[in-house]
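Structure at a glance
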Amino acid sequence: MLTQSRLNPQLDAEGKLQHLLSTEGLPLPVITQILDTAESFLEVSDRDVKKVPLLRGKSVFNLFFENSTRTRTTFEIAAKRLSADVINLDVSRSSTAKGETLLDTIDNLCSMHADMFVVRHATSGAPFLIAEHLKRIGRDDIHVVNAGDGRHAHPTQGLLDMYTIRHYKKDFSNLTVAIVGDILHSRVARSDLHALRTLGCGEIRAIAPKTLLPGYLENLGVKVFHDMNEGLKDCDVVIMLRLQNERMNGALLPSAGEYFKRYGLTPEKLALAKPDAIVMHPGPMNRGVEIDSSVADGPQAVILNQVTFGIAVRMAVMGILAGN
Amino acid sequence: MNISIKNGRLIDPKNGIDARQDLFIADGRIAAVGQAPAGFVPEREIDAAGYVVCPGLIDLSARLPSLEAELACAAANGITTVVCPPDTRPVLDEPSLVERLIQRAEALGLARVLPLGALTKGLQGQTLASMAGLASAGCVAFSQASQPVTDLQSLYRAMQYAATYDFAVWLRPQDYQLAKDGVAHDGEMAARLGLAGIPVAAETVAIATLIELAKSTGVRLHLMRLSSAAGVAMVREAKARGVAVSCDVAAHHLHLAEEDIGYFNAQARFDPPLRSVADRAALRFGLAEGVIQAVCSDHTPMEADGKQVPFGEAEVGARGLELLLPLVLAWAREDGLSLGTALARVTSDAAAVIGRSDLGHLAVGAVADVCVFDAETEWTITPDAFTSVGRNSPLAGRTMSGRIQAVVAGGRLL
Amino acid sequence: MPEAIPTQLPDAELQLASLAEQLRPHLTPDTALVGIYSGGAWVAERLKQLLDIREEVGQIDVSFYRDDFAEKGLHPQVRPSHIPFEVEGRPLILVDDVLYTGRTTRAAINELFDYGRPARVELAVLADRGERELPIEPGYCVWEVDLEEGEELILGREESGRLFWKMGRNDRG
């Protein structure tokens, strides 16, 4: 049978990280290096001067083809703490509205001496297209960081989730991690699954109704549960996913109320997990839809720490990329 | 023009010939096989020693945005008959458009164009197109190309009307609703890459519906572009029950599968989508056993822009005229099939689908469409070497065999 | 256990004691030590014991401040810097094992200033191999040594915590 070679486009010929596009295919040493480096950056954020000169003179372009002030801000803070110049382009409004194609926009920005593109796009795979294009035009000195593409990947979120888990649980091999909610449409879930697998997580579970689950999860090493009480049993980590408003009432789910009853994380359901289980959420939360306020604000929630860790992880990713 | 083609390996699937024989052409027809007719004086002599001589290929679907360039490309690649789907601009729903298309193609003297007429006006799926007029103008069957008829009552009536005149209806078995948001096969690859899926059920539901409507209306039904193992099984079963249905597959679907999307390679976006390796194996088997009658190129040229966008926004399809023969040969070689069996699917069996007994074979009296090719020499697919618009191919870099040496179309040596 | 220590290399433990004695008269009650990873941090830790300094030793990893980041990228193993005391107004002694070009010291001083404005920063090293590329000199040093191009002096630590010298090769130009 005819085959085609498919090199992982985020690694260079020596296997070093050239772009961060997905947690899938990231070798374990690369993930470990990112998490270790993030630990050092976490310390930087505690200093009087929360800044290191690593990326001085470099230009980081935030290209958000899909709006997300929150994510954009975390990347902006991370880049600024590395002393980079940050340019925010609200491409969702300007160029695309004028009929400029994605790659036209990229060509344009290349001429502005960019060193790094942080890309958010509503279509799965857009950052891969950009990375490929940069290679084609001989500008692979520019690094691409995927800040979320469609349903596909949100690798920095995945890595900060891994950082969080490692911070609280140290070793992955004996852990049971449950991801609950709209996995079908979630780039966070996909990034978590791949990273957990590479880190040797003991058991990975997905808990959701069939309408919110992609097929073939078993092939990714995931145990699927439809009953949350069963799925949460003896978990060490519970990752709750955001349920988008537009999916609450319609063909996928009858109502937010029924969803909360079945898949919302309440203190009673959380009690089925291990007593020291941590609760994570990529934010922003829908209180009373996927998570009860008493859990979100409770002692087991590490949701706000995820945000702090997120900045350090993004600093680590940008620092490592800029040096490769 | 009198032409003799000598010393070649003559493969004529319909007439069961695979032997070293000479071929003689006169007045646009096959004049003799084996021995020259009495008094035959060739104006041109082709020495086909070491080459295969077979009927000119029939491609059941090729889009021809630039008529001259694409027909030249077809002819240069051994394809002497091209069925053109009606999703042209404008749509082939007026007899005058069809007449003009055929006249222009005839004037070019390259490959023959057999248009499919629109089943409904503008392919909108509502008002019947003037099928009788379109048929008189030269349409060989009626189709919606890739457009759906969402209202089954409209489809039912369109089939009834076509059946009145014994016109064949060629339809894509893909349920519009089940497929509407999807961009890739609803399989492991789509799950991993976060691409919206097109389930196999989109095909099986449509096949069931179309077969039932065909049985009920008595229309001759041809299913275009099967993509799944389940779809092939349904057609096999329907045929066993005696339903008059034929079907085809696109050549790319014999060689590519969902895995070829790799890291969002937009060149691998097709409609229907590339499905699993098991589906691909079933398509190959179905084609070998004859449940699927024909392979087409589903040639879809486009400007580079069409693929220079994220996977889910990319245009569907690929260039195919250059690759029809090589992909058929590769299939035969890989699956251990005789050249005769393989070539039948792009010659005589394809001719049967369009109901043209004078095409696709080399018996005396048949239209003199002949393809002479070197089956051995290997070459590498380099889309930049494609001569016409678009360089879109997901098969770039693969090694193929099958090099055209000479083509005779309607008795003219090209 | 380390491979045989070449006999011509001096005893690092003796040097440590000597460095401590150099420092002792200059210490004030609020003097704090900051060691540069990894050798310097070990030396600082030993000095703390020898000098009976109560304040915990600071440790810094200068990876984020190096001037060769553009050429070499980020060090694959960065450790978090850890300064467990207020830097502002403090007399500090920056400790390293080997002083060479002075670039690491420059990076360390820059990093220290991001924690606050120290009253004074002095530099104490076990060995000085010369060939400075910046105007930096140690205030305290016990061993001046000449090395061949490509040779490297490496401080090692046994499991017991005992420090020793060994020679290595370095590809750096």
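Treat the numbers as computed from the prediction; the structure is a model and nothing was measured.

Some thoughts on the packing of helix 1 (residues 28–44) of chain A against helix 5 (residues 155–169) of chain A
Residue and element names in this part refer to chain A. Interaxial distance between helix 1 and helix 5 falls to 10 Å at its minimum, and their mutual angle equals 70°. It follows from the interaxial angle that helix 1 and helix 5 lie roughly perpendicular. Here Ile31, Thr32, Ile34, Leu35, Asp36, Ala38, Glu39 and Leu42 of helix 1 come into contact with helix 5, specifically with Leu159, Met162, Tyr163 and Arg166. Residues of the contact of helix 1 with helix 5, tallied by class, amount to 8 nonpolar, 1 polar and 3 charged.

Describing the UniProt feature "binding site: carbamoyl phosphate" (unreviewed entry) in chain A
Residues and elements named next belong to chain A. When the UniProt feature table is mapped onto this chain numbering, "binding site: carbamoyl phosphate" (unreviewed entry) sits at Arg70, Thr71, Arg120, His154, Gln157, Gly283 and Pro284. Relative to the helices and strands, arginine 70 is located in helix 2 (residues 69–81). In this structure, arginine 70 is in contact with Pro282, Gly283 and Pro284, ignoring residues within four places of it in sequence. Of note, threonine 71 is situated in helix 2. By relative accessible area, which is 13% here, threonine 71 ends up buried.

Things to note about the domain arrangement of chain A
Residue and element names in this part refer to chain A. Considered domain by domain, chain A is made up of domain 1 (4–154 + 308–321) and domain 2 (155–303). Between the C-alpha centres of domain 1 and domain 2 the distance comes to 26 Å. Contacts between the two partners involve 35 residues from domain 1, matched on the other side by 26 residues from domain 2. Across the domain 1/domain 2 interface, buried area totals approximately 2,500 Å², and carbon plus sulfur atoms make up 65% of it. Ranking the residues of domain 1 by area buried against domain 2 places Arg151, His154 and Phe309 at the top, with a combined share of 30%. If you look at where domain 1 meets domain 2, you find 3 salt bridges. Here arginine 187 makes a salt bridge to glutamate 66, at a shortest N to O gap of 3.1 Å.

With respect to empty space enclosed by the protein
Scanning the entire structure with this criterion turns up 2 cavities of 30 Å³ or more. Here the largest cavity is characterised by a volume of approximately 40 Å³. Around the largest cavity sit Phe64, Asn67, Ser68, Thr69, Arg72 and Asp90 of chain A, which together line it. Taken as a whole, the second largest cavity encloses approximately 30 Å³ of empty space. Surrounding the second largest cavity, Val183, Ala184, His185, Ile261, Ala268, Arg269, Phe270, Pro273, Leu274 and Phe311 of chain B form its lining. Its residues assigned to classes, the lining of the second largest cavity comprises 8 nonpolar, 1 polar and 1 charged.

Let's talk about the confidence of the model for chain A
Looking at chain A as a whole, the pLDDT averages 92, with 95% of positions reaching at least 70. pLDDT under 50 marks residues 1–5 of chain A. Its contacts with residues more than four places away, or in other chains, come to 13 contacts.

Thoughts on the sheet that holds strand 7 (residues 222–225) of chain A
Residue and element names in this part refer to chain A. The sheet built from 5 strands is open, its strands ordered 7-6-5-8-9 with parallel pairing. Of all strands in the sheet, those bounded by a partner on one side alone are strand 7 and strand 9 (278–280). Each adjacent strand pair in this sheet contributes to an overall mean axis angle of 20°, direction not counted. Running at roughly 170° to strand 5 (residues 176–180), helix 6 (residues 187–198) makes contact with strand 5, strand 6 (203–207), strand 7 and strand 8 (237–240) of the sheet.

Section: the environment of leucine 153 of chain C
All names here are of chain C. With respect to the helices, strands and loops of the structure, leucine 153 is situated in strand 6 (residues 151–157). Residue leucine 153 is classed as buried on the basis of its relative accessible area of 6%. Taking the C-alpha atoms as reference points, leucine 153 and threonine 101, separated by 52 residues in sequence, lie 13 Å from one another. For leucine 153, the residues in contact, after removing those within four places along its chain, are Leu9, Val98, Ala127, Trp143, Val145, Leu147, Trp165, Lys166 and Met167.

Section: the side chain of lysine 169 of chain A
Residues and elements named next belong to chain A. Of note, lysine 169 is situated in helix 5. From its side chain, lysine 169 meets the backbone oxygen of aspartate 276 in a polar contact 2.7 Å long. Once residues lying within four places of it in the same chain are set aside, the contact partners of lysine 169 are Leu175, Asp236, Val237, Asp276, Ala277 and Ile278.

Some details on the confidence of the model for chain B
Per-residue confidence for chain B averages 95 on the pLDDT scale, and 99% of its residues sit at or above 70. For this predicted complex, the interface score ipTM comes out at 0.91, while the overall pTM is 0.90.

Concerning the UniProt feature "domain: Amidohydrolase" (unreviewed entry) in chain B
Within this numbering scheme, the UniProt entry marks residues 282–383 of chain B as carrying the feature "domain: Amidohydrolase" (unreviewed entry). Each end of residues 282–383 of chain B is marked by a C-alpha atom, and these two atoms are 28 Å apart; helix forms 32% of the span and strand 14%.

Some points on the environment of leucine 274 of chain B
Residue and element names in this part refer to chain B. Inspection of the secondary structure puts leucine 274 in the loop between helix 9 (252–255) and helix 10 (277–289). Measuring from C-alpha to C-alpha, the distance between leucine 274 and isoleucine 261 comes to 8.6 Å, with 13 residues separating the pair along the chain. Residues contacting leucine 274, with those up to four places away along its chain left out, are His185, His252, His253, Leu256, Ala257, Glu258 and Ala268.

With respect to the interface of chain B and chain A
Counting residues at the interface gives 29 residues for chain B, matched by 30 residues for chain A. Overall, the association of chain B and chain A removes approximately 2,400 Å² of surface from exposure, summing both partners, and the carbon and sulfur fraction of that is 57%. At the junction of chain B with chain A, the criterion picks out 1 salt bridge. Among the salt bridges present, the one from arginine 192 of chain B reaches glutamate 24 of chain A, with a minimum N-O distance of 2.6 Å. For the pair chain B and chain A, the number of links is 6 residue pairs in polar contact (both at pLDDT 80 or more). Among the elements of the structure, helix 6 (188–193), helix 10 and strand 19 (399–409) of chain B are those that each provide at least two residues to the side of chain B that touches chain A. Looking at which element gives the most residues to the side of chain B that touches chain A, the answer is helix 6 of chain B, with 4 residues.

Let's talk about the sheet that holds strand 17 (residues 294–296) of chain B
All names here are of chain B. Spatially, 8 strands are ordered 8-9-10-11-12-15-16-17 in an open sheet, and the strand pairing comes out parallel. The two strands at the open ends of the sheet, each matched to only one other strand, are strand 8 (57–59) and strand 17. The average undirected angle you get between the axes of adjacent strands in this sheet is 30°. This element, helix 2 (residues 95–108), spans strand 9 (79–84) and strand 10 (112–118) of the sheet and lies at about 170° to strand 10.

Topic: the arrangement of the chains
For the 2 pairs of chains in contact, the largest share of contacts goes to chains A and B. Nowhere do chain B and chain C come into contact; their C-alpha atoms are at least 27 Å apart.

Digging into unusual backbone geometry
Only a minority of non-glycine residues have a phi that is not negative, and only a minority of peptide bonds are not trans. With an omega dihedral of -5°, the bond running from arginine 89 of chain B to proline 90 of chain B counts as a cis peptide bond. Positionally, proline 90 of chain B belongs in the loop between strand 9 and helix 2. Residues tyrosine 37 of chain C and serine 38 of chain C are joined by a peptide bond in cis, for which omega reads -10°. Its place among the elements puts serine 38 of chain C in the loop between strand 1 (32–36) and helix 2 (39–51). One non-glycine residue, aspartate 234 of chain A, lies in the positive phi region at around 60°. Note on placement: aspartate 234 of chain A falls in the loop between helix 7 (228–231) and strand 8.

Focus: the UniProt feature "binding site: L-aspartate" (unreviewed entry) in chain A
Residue and element names in this part refer to chain A. Within the UniProt annotation, "binding site: L-aspartate" (unreviewed entry) is assigned to Lys98, Arg187 and Arg242. Relative to the assigned elements, arginine 242 resides in the loop between strand 8 and helix 8 (256–263). For arginine 242, a relative accessible area of 21% puts it in the partly exposed group. Not counting residues within four places of it along the chain, the set of residues in contact with arginine 242 comprises Asp182, His281, Pro284, Met285, Asn286 and Glu290.

Rules used in this analysis
Residues numbered from 1 in each chain as written. Chains lettered and ligands numbered in written order. Predicted model: local features only at pLDDT ≥ 70, side-chain atom pairs only at ≥ 80, totals over all residues. Heavy atoms only, no water. Axes fitted to C-alpha atoms, helices over the stretch in contact; angles between N-to-C directions. Helix = DSSP H or I, 4+ residues; strand = E, 2+ residues; numbered from the N terminus. Parallel < 35°, antiparallel > 145°, perpendicular 65-115°, else oblique. Contact = heavy atoms within 4.5 Å. Nonpolar A, V, L, I, M, F, W, Y, C, P; charged D, E, K, R; others polar. UniProt positions renumbered as here; feature names shortened; annotations may be inferred. Buried < 20%, exposed > 50% of the residue type's maximum accessible area, 1.4 Å probe, protein only. Domains from an automatic or database assignment. Buried area = accessible area lost by both parts, 1.4 Å probe. Salt bridge = Lys/Arg side-chain N within 4 Å of Asp/Glu carboxyl O. 1 Å grid on protein atoms, 1.4 Å probe; cavity = no way out; pocket = protein on both sides within 12 Å on 5 of 7 lines; lining within 4 Å. Points joined across faces, edges and corners; volume = space filled by probe spheres on them. pLDDT = per-residue confidence, 0-100. Pairing = 2+ DSSP bridges. Polar contact = N/O pair within 3.5 Å; in protein donor to acceptor, adjacent residues only side chain to side chain.

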